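Commentary on secondary and tertiary structure
So you can see what is in the structure, the chains are spelled out below.
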Amino acid sequence: MSSQDSSSEQSPAASGISRRRLFGAAGAGVALVGAGAVGGYAAGSSSSETPSDVVAFRGDHQAGIVTPAQDRMHFVAFDITTDSRDTFVALLKKWTEMAERLVKGEETFDDGATGAGEYKPPTDTGEALGLSASSLTLTIGFGPGLFTRFDLADLRPSSLADLQHFPADNLDERRSGGDLCIQACADDPQVAVHAIRNLARVGFGTVSVKWSQLGFGRTSSTSTSQATPRNLFGFKDGTANLKAEEPGLLDDFVWVGDSDQEWMRGGSYLVARRIRMLIESWDRTVLNEQERVIGRSKGSGAPLGLKDEFDPLDLDSKGPKGLLIDADAHVRLASKEELGGIQILRRGYNFTDGSDGFGHLDAGLFFIAYCRDPLTQFVPMQLALARKDALNEYIQHVGSAVFACPPGLGESDYWGSTLFG
């Protein structure tokens with residue numbers, strides 16, 4: 001839950017909010033009210049040929065990393081079930097064709113929902129018929145397990161390794177790991193779910209779903225055009241996040257430059273952590289203690305002792321009771337000032353998945369971060385938080401995964417073409 005693109009990455013041609021994106025996400029129920037407004041996105045040049053909510057699929061970097069964060073997410077991790085490299089590469093090529101159509105608001109195949117005839121299964125499941133593109137982005141990543149297959153061991157980047165078990169982790173292996181992942185983000189939940197559903201359907205026999213996660217209400221801003229959202233604890237989250245408008249910082253902390261694997265140049269690493277929030281305990285905690293634990297004012301989002309959300313952290317000043325921002329406050333331990341300058345790009349979402357069977361909400365933060373090297377950025381950050389963070393009394397890390405996201409696609413590239421050739 002720590003606070004942490006180049007402007008050349010794909011962005012929608014212009015901003016706009018469709019009637020469905022505003023009202024049609026009723027499936028989130030009252031959770032949407034607490035999550036803030038419908039996710040915005042940065043405006044660009046308009047075009048009479050490109051709908052305003054279409055994000056370009058091809059470019060120097062994959063879309064869905066620094067693209068202004070959409071309001072909804074469907075994330076899925078797959079395991080590979082085939083021993084044939086050719087079969088797997090053929091799936092990646094097919095997925096690429098489908099993904100390029102989906103982000104335009106098209107069916108996965110021409111007339112796919114109804115055109116196959118009444119005695120054949122449709123080639124598109126059809127639940128997105130009549131819906132717009134809703135700023136859909138699809139981002140692929142490869143997990144460490146992929147490199148134990150297809151004679152790829154020599155091409156595994158040294159930065160790609162299963163994350164260590166951090167202090168206080170309570171990981172569920174059924175919600176962790178995976179040979180590859182696809183992240184779908186959109187401003188309409190049905191558009192995101194439709195994309196993942198159809199990609200998984202076509203992958204049957206070559207890959208199988210290991211786990212997936214739905215998310216609503218982004219918990220960070222990836223563009224200066226977006227207001228800071230709130231998490232399920234009611235605090236503004238991600239105030240100090242990297243932004244798409246900071247290309248120099250993105251080169252330093254997000255995009256892979258020099259690497260032991262040339263195929264990753266221009267890519268990034270994705271860290272996913274399913275963080276359950278102990279909602280009932282938090283809700284019984286007094287406001288003063290909530291703010292002490294976080295290190296920020298709940299109302300304004302300002303660092304304690306200051307007035308504005310974006311005031312620089314003051315980690316040295318003291319009040320009558322000691323440091324204004326406690327030594328174990330979350331914002332202190334997650335800050336670049338405490339971490340020797342380390343920063344990451346956050347792109348997380350709230351989730352609610354019913355109850356745990358004991359009368360407690362299964363809810364929290366699906367944390368997603370992109371970084372240039374998880375071993376030198378995310379790992380030291382998480383170690384500091386796991387050892388000292390006062391917030392640990394109210395959260396549990398129950399899922400974990402890491403993936404290498406290859407660079408963007410040129411005109412004739414497919415997902416993974418820099419790796420598979």
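Figured I'd write up the structure that's included with this text.

Calculation criteria
Residues numbered from 1 in each chain as written. Predicted model: local features only at pLDDT ≥ 70, side-chain atom pairs only at ≥ 80, totals over all residues. Heavy atoms only, no water. Core = buried A, V, L, I, M, F, W, Y, C linked by side-chain atoms within 4.5 Å. Buried < 20%, exposed > 50% of the residue type's maximum accessible area, 1.4 Å probe, protein only. Contact = heavy atoms within 4.5 Å. Salt bridge = Lys/Arg side-chain N within 4 Å of Asp/Glu carboxyl O. Helix = DSSP H or I, 4+ residues; strand = E, 2+ residues; numbered from the N terminus. Pairing = 2+ DSSP bridges. Axes fitted to C-alpha atoms, helices over the stretch in contact; angles between N-to-C directions. Parallel < 35°, antiparallel > 145°, perpendicular 65-115°, else oblique. Left-handed = near helix turned anticlockwise from the far one by under 90°. Nonpolar A, V, L, I, M, F, W, Y, C, P; charged D, E, K, R; others polar.

1. Structural notes on the nonpolar core
With 76 residues, the main nonpolar core has W95, L138 and I182 as its most contacted residues. In contact with I182, not counting residues within four places along its chain, are H74, F75, V76, F78, W95, L138, T139, I140, I196, L199 and W415. M73, A244, F253 and Y349 belong to the second largest nonpolar core, which has 26 residues in total.

2. As for the pattern of salt bridges
Applying the stated rule across the entire model yields 20 salt bridges. With a shortest N-O distance of 2.9 Å, D110 and R101 are connected by a salt bridge. Taking the relative accessible area as the measure of exposure, D110 reaches 64% and is therefore exposed. In this structure, the salt-bridge partner of R276 is D356, at a minimum N-O distance of 2.9 Å. Taken together, the residues R276 in strand β5 (residues 268-277) and D356 in the loop between β9 (349-355) and β10 (361-371) connect sequence positions 80 residues apart. Classification of R276 by relative accessible area gives buried; the value is 16%. One connected set of salt bridges, linked through shared partners, spans E289, R292, D326 and D328.

3. Section: the pairing of strand β3 (residues 180-186)
Consecutive side chains along a regular strand alternate between the two faces of the sheet. Taking burial as the measure, the seven residues of β3 include seven buried ones, the bulk of the element. The alternating pattern of β3 places L180, I182, A184 and A186 on one face and C181, Q183 and C185 on the opposite face, and all of these are buried. Bridge analysis of strand β1 (residues 72-80) against β3 gives seven bridges, and the strand direction is antiparallel. Within the sheet, the bridge partner assigned to A77 lies in β3 and is C181.

4. What to know about the side chain of H194
As for its position among the elements, H194 is in helix α4 (residues 189-203). Leave out the neighbours within four places in its chain, and H194 touches L102, D124, T125, G126, E127 and A128.

5. Some points on the packing of helix α3 (residues 85-102) against α4
Running from N to C, α3 and α4 cross one another at 155 degrees; their axes reach a closest spacing of 10 Å. Classed by the angle they form, the pair α3 and α4 counts as roughly antiparallel. The crossing of α3 and α4 is right-handed. Of α4, the residues touching α3 (which contributes L91, K94, W95, M98 and L102) are H194, A195, N198, L199, V202 and G203. Partitioned by chemical class, the residues of the contact of α3 with α4 number seven nonpolar, three polar and one charged.

6. Quick notes on unusual backbone geometry
Although it is not a glycine, D111 adopts a positive phi angle of roughly 50 degrees. Within the fold, D111 resides in the loop between α3 and β2 (137-142). The phi torsion at A168 lies on the positive side, around 75 degrees, for a residue other than glycine. Looking at where A168 falls in the secondary structure, it is placed in the loop between β2 and β3.

7. Some words on the environment of M73
If you trace the backbone, M73 turns up in strand β1. Judged by its relative accessible area of 2%, M73 is buried. Taking the C-alpha atoms as reference, M73 lies 5.8 Å from L214; in sequence the two are 141 residues apart. Setting aside its immediate chain neighbours within four residues, M73 contacts A184, C185, Q213, L214, G215, Y349, F366 and I368.

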